[in-house]
Structure formats: structure tokens, C-alpha cells
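Single-letter residue listing:
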2 protein chains.
Amino acid sequence: LNDLILIKLGGSVITDKSKEFVAREENIKRLAREIKEGQKAFSGEIIIGHGAGSFAHTPAAKYRTKRGLLNSSSLMGASIVEDAARQLNSIVIKNFLAENLPVFPFSPASFLINDAKGNSMSYIDPIKQALLTEFLPVIYGDVVIDKSQGFTIFSTEKVLSIIAKELKNSYLTRIILVTDVDGVLDKEGKTISRISKENFDQLKEGIIGAKNVDVTGGMLNKVEESLTLANDAGIETLIINGLKEGNLEKAIKGEEVLGTKIQNPN
Amino acid sequence: LNDLILIKLGGSVITDKSKEFVAREENIKRLAREIKEGQKAFSGEIIIGHGAGSFAHTPAAKYRTKRGLLNSSSLMGASIVEDAARQLNSIVIKNFLAENLPVFPFSPASFLINDAKGNSMSYIDPIKQALLTEFLPVIYGDVVIDKSQGFTIFSTEKVLSIIAKELKNSYLTRIILVTDVDGVLDKEGKTISRISKENFDQLKEGIIGAKNVDVTGGMLNKVEESLTLANDAGIETLIINGLKEGNLEKAIKGEEVLGTKIQNPN
């Protein structure tokens, strides 16, 4: 089994969450360089996902896009949200290209669908083959077509977890979530180094959500999705602070970084 | 069977083919309005495809992207070409949104793959469902992952024809190719009103190709692809001049327009 790392660049790191449609390009560039450096000491494959930050979250909240066709403005709203997600994606791609990374964006709305029972179906052959071709695939949180309510929203984590599950027989996968905090913090603001099914219930109350608008749910939601991935597919998640230079590079290389590991017990 | 029109907005209409990365936004806006007007007198569905024009054709020619992995610059080249195609797509989407059309872009690279034998496989459930949801799906010519040579290029016409074939049991489909000329011209520069298998061989020599760089082939190629579609799936193609105001609107409504129809004999 080949190693695969799924890296999620959080919206709070790559955009200014307090200002609509403002990207933090200096952070995107630096993270691109860290990925490039990290790759030199990592022989496996990498897939990048990035959040929507101040681009898609605001219209998504305004039009309640996650809930689908609700009223006469929902359809145009969904078009606007999907465009906002792509606008940020194109800024990420531009900056990664400038660092000479062979990025290849895959649009979740184009390869995923949600059925009437809430189960997603996906077509990831192009992504699999892109990895073999040595592209660096890039996905993002997106509006996704839904057979019962017209459309909904899939978070970046959800798309990455679908890909992780599809690939679990071909790759030994781990996930790095790049956020603006030092991992999951407890009530005292201290990093919790390890979360598993065993200690989650006792920690749950103290986990603080994201401060700004985030239609896909904050930190607690990330932890819950990660626990599900650990449980269903044995995939380990590491949550780190991407505002601190070098953290992502170290995490790719497998070196020690301040952050939270979410994994199966023992 | 519901009616479906696949409209291809040619690169020569929506970009300035003599200047790299220059879109003709006034044309894009006008065509968006014509589609909107045309829809009022057309009860079926519409899918839009657009060419790459002066955005993707130049890097595609430079890196010979259609031929796949040839040398050490091919991989980055493919990333650059795919990004160029998306840049134009985002300009098209922006202008269509401004005219209040509920557009939804689908990225061919994300739902198509070419296998080692040159056969494409596709996943178009999201596009089918988007039509039912009453989105206006938008596709474009794109870099497509290829299992033998890493990647290749699919023209907008090729992507549209794949979609047309996939949908042929659900929809009665016709195609409108929006170009910068009055259809297919003969040696004297006069519009050929009808082309079928029966008269193609005698007309072939006189058909003139596109003047500028076009890695996916000029007018002759379009006619040949259209004849194949007519033959394989009974789909009729109409080639019109999109620089002349009102032509696209009339064509959608099924009114008489100067242009060339490519169809099965009788």
C-alpha cells in the first residue's frame, strides 16, 4: 500500500473570514511551498482540499443552500454559491501554479451526487488516475446536486472523507487539517494531543466551535467526522495550526508538531 | 421525450482569438440574454458548452497537451492548460450570472476519463439531475485524464457529443454551434445550407478551417464530428453566426436562421 495524505487547507487560513471574498494569498503561497518541501521527504501521494472561507460561506448562509430548493431565490443562490467556491479555488490554483506544483482541480459537483436517501455516489476514477500521473489533485467544499432537494452542500472534509473511503484499499491514508488554531483546545485553551472514541464523550463539552460564519459546522463537527473516519476506515486525522510556518511541512514529513491526533483507541 | 438543445459558444465568439487571455464579454453577455429570451419560447432543456479560444489553445499548443506526457514540462503544462480553460469558464459564468441565468459549471476533467484504448468513460448523473433541478449546466473543452498517456484534450464538441449520446434515450437532442461565420462556407464563400453523409464527400475539399490556433481542429473537424453524431445518434447540428445579434435566440426558438444544418439524409 502506498501512502496518501489528504490535506485540508482551512478557510480561516486561506481567506480573511471577517471580509467577504478576500483571500490570504501570502498564506496560500507559503503553504504551497511547505507542501513542495514536504514532498521531498515523503514518497507517497498527496490530495489537497481547501475550505470556502469568506467566499462561499456567506452566500451559502444567505440562501440556505445546504437545505436545497426552498424558495424562488434558491436556484440562483446555488449558482452563486458554487461560483464563489470556484473563485477561491482559482486563487488557490493560481498560487500553487506559481510555486510550480502540478495542481489539477476536481470539482466535487461534477463527480458527486447525493441521492434521495442522503447517500452520496461518486466517480473518482479520474482522481485515482491523476494521482498515478503525478498530478496534485485539488478539491474543495462545494454545492452538490441532490436527488431529493435539488442540491445541498458538502464540506471539504466530507468530500475528502468520501475520497478516503474510496481509496482505502489502494492507499494507507492519513488526513491533515490545517486550521488557525493549535489543534483541538480544551476549556483552558490547551491543545488536546489525542482524541479517540474512548475519551471523546468526556472532552466533547469543552470543544469550542469556529467563531465566524461556517455553514458546514465548526471544530466539533470536524472532530466527529474524523472519529467516524477513524472508526469506519482506520484513517488518522491530525489537526494543526497552519498560521505557524513550518507546521504543515513537518506534518507531511511525519515529524512532531503541536496539534491533535484523532485516531482509533491504541 | 423532452427536447434538449446543446449550445456550443465558439472560442472565436467569446474571446479575441488574436490576443491571449482576452474575453469578449459584451458578446458573452449578449448571448446570455439571447439564451434567456430563447428559453421563453422553448419548453425543453438547454446545456451550454463553450470553447477555449485565446485562453487554453495557446498553452495547449505550446505544451502539446493533447499528446499527453511527452517531456519534463508536460505535466506542469497540463496544469496550466486546465487552469486557462477554467479562467475563461469563470468569465462566462460571471456574465451569465449577471443576466440571472442559474448556470452550473461541470468540469469535464472531473467526470470524464479516456482509457488506454481511446474510449471515454463518463459519469453524467449530476448533469442529468441538474437539468431536472432546472439549472443551466455549462461545460467546456478541457484537459482530460488519459489512462495511457496521462492526459489529453477533449474539445467542447467532443464533450457535448458524449453527453448527447448518454442522454439520447431521455431527450430529443439537437446541437447549435455558435461560430463567427455564417455556417459552413463553400469555395465561393456562400453558406452551405445542408450537409449529410450523401453530399459531404463532394463538399469536403471546399470547407475552410479556422484561421487561428485551434488545437482541437477547425470547421472541417466540426462537420465530421457532427456527421458522426447524426449517424450514431440521429442528432442534428446547426452551425450559425453568433456575432450577428438575434441568431442564437431564433435558433433556440426553432425559427429560420442563416446557417448550415448537418443531419442524416432525408
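For the structure itself, consult the block above.
Small disclaimer: the values here were computed from a predicted structure and weren't measured.

Moving on to helix α3 (residues 53-63) of chain B. Residues and elements named next belong to chain B. In terms of burial, α3 is a largely internal element, eight of the 11 residues being buried. Here α3 has its buried residues at Gly-53, Ser-54, Phe-55, Ala-56, His-57, Pro-59, Ala-60 and Tyr-63. Considering only its buried residues, α3 is in contact with α1 (11-14), α4 (74-98) and β8 (150-154).

Neighbouring strands of a sheet are bound in pairs by backbone hydrogen bonds; such pairs are parallel or else antiparallel. Residues and elements named next belong to chain A. Taken in spatial order, the eight strands line up as β3-β6-β2-β1-β9-β11-β12-β10 in an open sheet, and their pairing is mixed. With one partner strand each, in any of the chains shown, β3 (103-105) and β10 (194-195) form the two edges of the open sheet. In terms of strand pairing, strand β1 (residues 2-9) meets strand β9 (residues 171-179) through eight bridges, oriented parallel. Residue pairing for β9: Leu-6 is matched across the bridge by Ile-175. The strands touched by helix α4 (residues 74-98) are β1, β2 (45-50), β3 and β6 (136-140); relative to β6, the strand with the most contacts, the crossing angle is about 155°.

It is worth spelling out the relation of the copies chain A and chain B at this point. Between chain A and chain B, the superposition needs a rotation of 180° and an axial shift of 0.0 Å, giving an RMSD of 0.0 Å. Read as a symmetry element, the transformation amounts to a two-fold axis. Take the interface residues of chain A: 100% of them recur as interface residues in chain B, which is what a same-surface contact looks like.

On the side of chain B, 42 residues touch chain A, which itself brings 42 residues to the contact. Counting every contact that joins chain A to chain B gives zero salt bridges. Our count for the contact surface shared by chain A and chain B stands at nine residue pairs in polar contact (both at pLDDT 80 or more). For the side of chain A that touches chain B, the secondary-structure elements that each account for two or more residues are α4, β3, α5 (108-111), β4 (112-114), β5 (120-122), α6 (125-132), β7 (142-146) and β8 (150-154) of chain A. For the side of chain A that touches chain B, the leading source of residues is α4(A), giving 11 residues. Counted by class, the side of chain A that touches chain B contains 26 nonpolar, nine polar and seven charged residues.

With that settled, consider the environment of Leu136(A). Residue and element names in this part refer to chain A. Note that Leu-136 resides in strand β6. Along the primary structure Leu-136 and Pro-105 are separated by 31 residues, whereas in three dimensions their C-alpha atoms are 8.3 Å apart. Among residues more than four places away in sequence, those in contact with Leu-136 are Ile-35, Gln-39, Ile-46, Ile-48, Phe-96, Leu-101, Pro-102, Val-103 and Phe-104.

This next bit is on the packing of helix α2 (residues 25-40) of chain B against α4(B). Residue and element names in this part refer to chain B. In the contact formed by α2 and α4, the axes pass within 9 Å of each other and the chain directions differ by 50°. Relative to α4, the element α2 is oriented oblique. The hand of the α2/α4 crossing is right-handed. Facing α2, whose interface residues are Glu-25, Ile-28, Lys-29, Ala-32 and Ile-35, α4 presents Ile-91, Val-92, Lys-94, Asn-95 and Phe-96. Among the residues making up the contact of α2 with α4, the classes are represented as six nonpolar, one polar and three charged.

By the secondary structure assignment, Leu9(B) is in strand β1 (residues 2-9). C-alpha of Leu9(B) to C-alpha of Gly49(B): the two residues are 40 residues apart in sequence and 6.2 Å apart in space.

Moving on, we come to the pairing of β6(A). Residue and element names in this part refer to chain A. Burial runs high along β6: five of the five residues are buried. By the alternation rule, side chains of β6 split into Leu-136, Val-138 and Tyr-140 and Pro-137 and Ile-139, which are all buried. Strand direction decides the pairing type here: β2 and β6, joined by three bridges, are parallel. Looking at β6, one finds that His-50 is bridged to Tyr-140.

Quick notes on the rules
- Residues numbered from 1 in each chain as written.
- Chains lettered and ligands numbered in written order.
- Predicted model: local features only at pLDDT ≥ 70, side-chain atom pairs only at ≥ 80, totals over all residues.
- Heavy atoms only, no water.
- Buried < 20%, exposed > 50% of the residue type's maximum accessible area, 1.4 Å probe, protein only.
- Helix = DSSP H or I, 4+ residues; strand = E, 2+ residues; numbered from the N terminus.
- Contact = heavy atoms within 4.5 Å.
- Pairing = 2+ DSSP bridges.
- Axes fitted to C-alpha atoms, helices over the stretch in contact; angles between N-to-C directions.
- Least-squares fit on C-alpha atoms with pLDDT ≥ 70 in both.
- Salt bridge = Lys/Arg side-chain N within 4 Å of Asp/Glu carboxyl O.
- Polar contact = N/O pair within 3.5 Å; in protein donor to acceptor, adjacent residues only side chain to side chain.
- Nonpolar A, V, L, I, M, F, W, Y, C, P; charged D, E, K, R; others polar.
- Parallel < 35°, antiparallel > 145°, perpendicular 65-115°, else oblique.
- Left-handed = near helix turned anticlockwise from the far one by under 90°.

Any functional reading would require information that these geometric values do not contain.
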